[in-house]
Amino acid sequence: MNRTLYGNLIFELSKKGRKGYSLPQNYDRTHSTSELPEALRRGEAARLPECDELTVVRHYTNLSHNNFGVNDGFYPLGSCTMKYNPVINEEIAAMKAFAGLHPLQPAETCQGALEVYYNLQQSLAELAGLSEFTLNPCAGAHGELTGLMVIRAYHESRSDESRTKVLIPDSAHGTNPASAAICGLEVVEVKSLPDGTVDVEHLSQLLDEAGSQVAAMMMTNPNTLGIFEPRVLEITEMVHKAGGLMYYDGANLNALLGECRPGDMGFDVMHINLHKTFATPHGGGGPGSGPVGVRKGLEPFLPTPRVVFNEKDKLFCVNTAATPLATTAHDDSADASALGSVGSFLGNFGVMLKAYAYILTLGRENVKNVGPLATLNANYIKERLRDDYLLPIEGLCKHEVVFDGLADKSTDVTTMDVAKRLLDYGYHAPTIYFPLLFHESLMIEPTENESKETIDAFIDVMHTIANEAKSDPELVKTAPHNTPIGRVDDVLAAKHPVTTYWKSLEG
Ligand SMILES: *Cc1c(COP(=O)(O)O)cnc(C)c1O
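All residue numbers here refer to positions counted from 1 along the written sequence of the relevant chain. Two thresholds apply to this predicted model, a pLDDT of at least 70 for residue-level local features and 80 or more for giving and counting side-chain atom pairs, whereas whole-chain, interface and lining totals are computed over all residues. Excluding hydrogens and water, the side-chain values take into account all heavy atoms of the structure.

Time to look at the overall build of the chain. Put simply, DSSP H or I for four residues or longer makes a helix, DSSP E for two residues or longer makes a strand, and each gets a number counted from the N terminus. The helix and strand inventory of the chain stands at 16 helices and 12 strands. Computed over C-alpha atoms, the radius of gyration of the chain comes to 26 Å, within 12% of the 23 Å expected from 2.2 N^0.38 for 507 residues, which places it in the range of a compact globule. Along the first, second and third principal axes, the C-alpha set of the chain runs to 75 × 75 × 45 Å. Note on classification: 1.4 Å probe, protein chains only; a residue is buried when its accessible area is under 20% of the maximum for its type, exposed when over 50%, partly exposed between these limits. Split into buried and exposed, the 507 residues of the chain put 47% on the buried side. Charge assignment in this entry is limited to Lys and Arg as positive and Asp and Glu as negative, and neither His nor the chain termini are counted. Every charge is mapped onto a representative atom, which is NZ of Lys, CZ of Arg, CG of Asp or CD of Glu. With 42 positive and 64 negative side-chain charges, the chain shows a separation of 6 Å between the mean positions of the two kinds. C-alpha atoms define the radius of gyration, and 2.2 Å times the number of residues to the power 0.38 defines the globule rule.

Right, let's talk about the environment of Ile 92 for a bit. Examined against the element boundaries, Ile 92 turns out to sit in helix α3 (residues 87-94). Separated by 261 residues in the primary sequence, Ile 92 and Leu 353 place their C-alpha atoms 7.0 Å from one another. By the convention used here, residues are in contact when the closest approach between their heavy atoms is within 4.5 Å. When neighbours within four sequence positions are excluded, Ile 92 is seen to be in contact with Phe 98, Leu 353 and Ala 357.

Centres within 6.5 Å are what make two rings of Phe, Tyr or Trp a pair, Trp counting through its six-membered ring; a difference in plane orientation under 30 degrees is then read as stacked, over 60 as edge-to-face, and the rest as tilted. Going through the model one piece at a time under the given rule, you end up with 12 aromatic pairs. Ring plane angle 50 degrees and centroid distance 6.5 Å describe the contact between Tyr 118 and Phe 309, whose orientation is recorded as tilted. Of the two residues, Tyr 118 is situated in helix α5 (residues 111-128) and Phe 309 in strand β8 (residues 306-310); the sequence distance between them amounts to 191 residues. Classification of Phe 309 as partly exposed rests on a relative accessible area of 24%. Between Tyr 154 and Phe 301 the ring centres are 6.0 Å apart and the planes differ by 90 degrees, which places this aromatic pair in the edge-to-face class. Taken together, the positions of Tyr 154 in helix α6 (residues 140-157) and Phe 301 in the loop between β7 (292-294) and β8 put the pair 147 residues apart, joining distant regions of the chain. Neither residue differs from the other here; Tyr 154 and Phe 301 are each classed as buried.

With that settled, consider the state of the cysteines. To count as a disulfide, a pair of cysteine sulfur atoms needs to be within 2.5 Å. Summed over the entire model, instances satisfying the criterion amount to 0 disulfides. Between Cys 317, a free cysteine, and Cys 110, which holds the nearest cysteine sulfur, the sulfur-to-sulfur gap is 11 Å.

Moving on, we come to the site of the ligand. Close contacts around the ligand come from Ser 79, Ala 139, Gly 140, Ala 141, Glu 144, His 173, Thr 175, Asp 249, Ala 251, Asn 273, His 275 and Lys 276, and that covers them all. In the environment of the ligand, a nitrogen atom lies 2.6 Å from a nitrogen or oxygen atom belonging to the side chain of Asp 249. Between the ligand and Asn 273 there is a distance of 3.1 Å, counted from an oxygen atom to a side-chain nitrogen or oxygen. Elements with a minimum of two residues in the shell around the ligand: α6 and α10 (274-277). Broken down by element, the shell around the ligand gets its largest block of residues, 3 residues, from α6. Each residue gets one label: Ala, Val, Leu, Ile, Met, Phe, Trp, Tyr, Cys and Pro are nonpolar, Asp, Glu, Lys and Arg are charged, and the others, such as Gly, are polar. Of the residues belonging to the shell around the ligand, the class tally is 3 nonpolar, 6 polar and 3 charged. Here a residue counts as near a molecule or strand whenever at least one of its heavy atoms sits within 4 Å of it. Any pair of N or O atoms that falls within 3.5 Å is considered a polar contact. Within protein, one atom must be able to donate a hydrogen and the other to accept it, and sequence-neighbouring residues count only if both atoms are side-chain atoms.

Only one rule defines a salt bridge in this text: a Lys or Arg side-chain nitrogen within 4 Å of an Asp or Glu carboxyl oxygen. For the structure shown, the criterion picks out 29 salt bridges. Put simply, Arg 306 and Glu 132 hold a salt bridge, and the shortest N to O gap is 2.3 Å. Residue Arg 306 is found in strand β8, and its partner Glu 132 is found in strand β1 (residues 132-134); the two are separated by 174 residues along the sequence. Here Arg 306 and Glu 132 have matching classes, each one buried. In this structure, the salt-bridge partner of Lys 452 is Asp 456, at a minimum N-O distance of 2.9 Å. In this pair, Lys 452 and Asp 456 are both assigned in helix α13 (residues 452-471), 4 residues apart and thus about one turn of the helix distant. By relative accessible area, which is 17% here, Asp 456 ends up buried. Beyond isolated ion pairs, a larger network of salt bridges with shared partners links Lys 382, Glu 383, Arg 386 and Glu 394.

Turning next to the layout of surface pockets. Whether a set of points on the 1 Å grid over the protein atoms alone is a cavity depends on a 1.4 Å probe fitting there but being unable to get out, while an open set qualifies as a pocket with protein on both sides within 12 Å along at least five of seven lines; lining residues are those with an atom within 4 Å of a point. Grid points are joined across faces, edges and corners, and a volume is the space filled by probe spheres set on the points. Put simply, the largest pocket is a space of about 720 Å³. Lining the largest pocket are 25 residues, with Asn 66, Phe 68, Leu 423, Thr 483 and Pro 484 positioned closest to its centre. At 4 residues, the largest contribution of residues to the lining of the largest pocket is made by helix α12 (residues 415-424). Tallied by class, the residues present in the lining of the largest pocket amount to 13 nonpolar, 8 polar and 4 charged. Approximately 590 Å³ is the volume found for the second largest pocket.

Two strands make a pair as long as DSSP finds a minimum of two bridges between them. With mixed pairing, 7 strands are arranged side by side in an open sheet as β1-β7-β6-β5-β4-β2-β3. Strands at the two margins of the open sheet, each flanked by one partner only, are β1 and β3 (186-190). Across the sheet, the mean angle from the axis of one strand to that of its neighbour is 25 degrees, orientation sign disregarded. Taken together, the 3 bridges between strand β2 (residues 165-169) and strand β4 (residues 214-219) define a ladder with parallel strand orientation. Each residue of the ladder has a partner; that of Val 166, found in β4, is Ala 216. Axes, fitted as lines to C-alpha atoms, cover a helix only where it is in contact. Angles between the N-to-C directions of the axes lie from 0 to 180 degrees.

The final tally for this structure, using the stated rule, is 3 cavities of 30 Å³ or more. As a volume, the largest cavity reaches approximately 90 Å³. Its residues assigned to classes, the lining of the largest cavity comprises 10 nonpolar, 1 polar and 2 charged. Estimates place the volume of the second largest cavity at around 40 Å³.

Take a look at the structure:
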């Protein structure tokens, strides 16, 4: 790539009077110069770049080459599960019969789409071991908020309004406490033991002190360190005994898929990120989907609309009624009030199509391999890197592994430096400085899709970087060297983003 020519901003490539378009004459019959009223017209011409078409095409094509996605290379971003999205998923989501639907179309005219929607609800319920799912929430955090609203509505329906506390382990994803706070609930932190699992004695103490005020406990299992909570059954039992519900953060269900189910562990409410576990693409704020499932008895508290199958007419229909079908309502919640709607129409349908295609492609048998393969890949990386990188917690991990920076602490090469150096070798960096339990967290999640050759090549590069840190620490500390831009000031970029060219000139 010729960076001097094409690394410029489009404004810098501009030549006065150069054009890449031709517009027809104004066809306004009154022959006035513009159809816009005078008052709406700008006083001076917009300062737009003027370029020929080829320059524009090359500029944006070259910019796109500076991006990095799963289709470009290994992307081991722990917790975020950057899983390959098979091409067939995209093809199905793009089919005109799906992509051309209108959300207000009568149900009789889109039975196929509603059937897919309904089947996905059922598939997720089966995979999760829960009774019913809503596909309406549009992200993981949106699902968390919806799930907590379900829990609050449940307690309110029993006139148990004193339950305002949510117990959350200190290893939790940041969205957990944020969602609880947005829902108007109070966050109470549960400590972790040195091995990264929940401190059950601390939990017991919290329940003794204020058990009657606990609305729910939110858990991620395997937790954000990739460790399966060995005492999960005991934990769910303790919280239930105190009258609280158990919420499962299933953003990343990869380790469990086909192996075990949150419902069987005693969880009452959960969300799943289709845009992680079920392969649909994400990042950059693209469309997501965070379906929420509940155990039997909590269905009436789910939001509407829902897709249901009407046995009498043999039709799938969109149910917008505030109270759900009598057949799904549990006796003790007969007067429950549904939440109403949490988003527009039925949610991000395109994302659902991709997830459903992924589930069907694998099938009942192969879906059982996802968890074991993801776990095998993470443990292989863990064992092969443990001499060079500090492994803070021994034992089997699940779908992801966390190191606490380089093993050799005599060089002052940090996790940030290692992450930046990986970019030079053509890899996306793992998640860094999360979870917060360690100072130099480096969280690697390979997913089940990667070949042994890809993983071996990554391991070799990680070894190389560990050696460079000893032999030439400056090289690592000043990385990246091969990317279009070097290190940016993250804090400045976040706090004072400059998003316009003219502003940057003036500033
Ligand atoms: C990604 C993630 C979330 C949040 O999901 P979003 O779709 O980004 O809102 C919540 N919990 C865990 C454990 C996650 O990995």
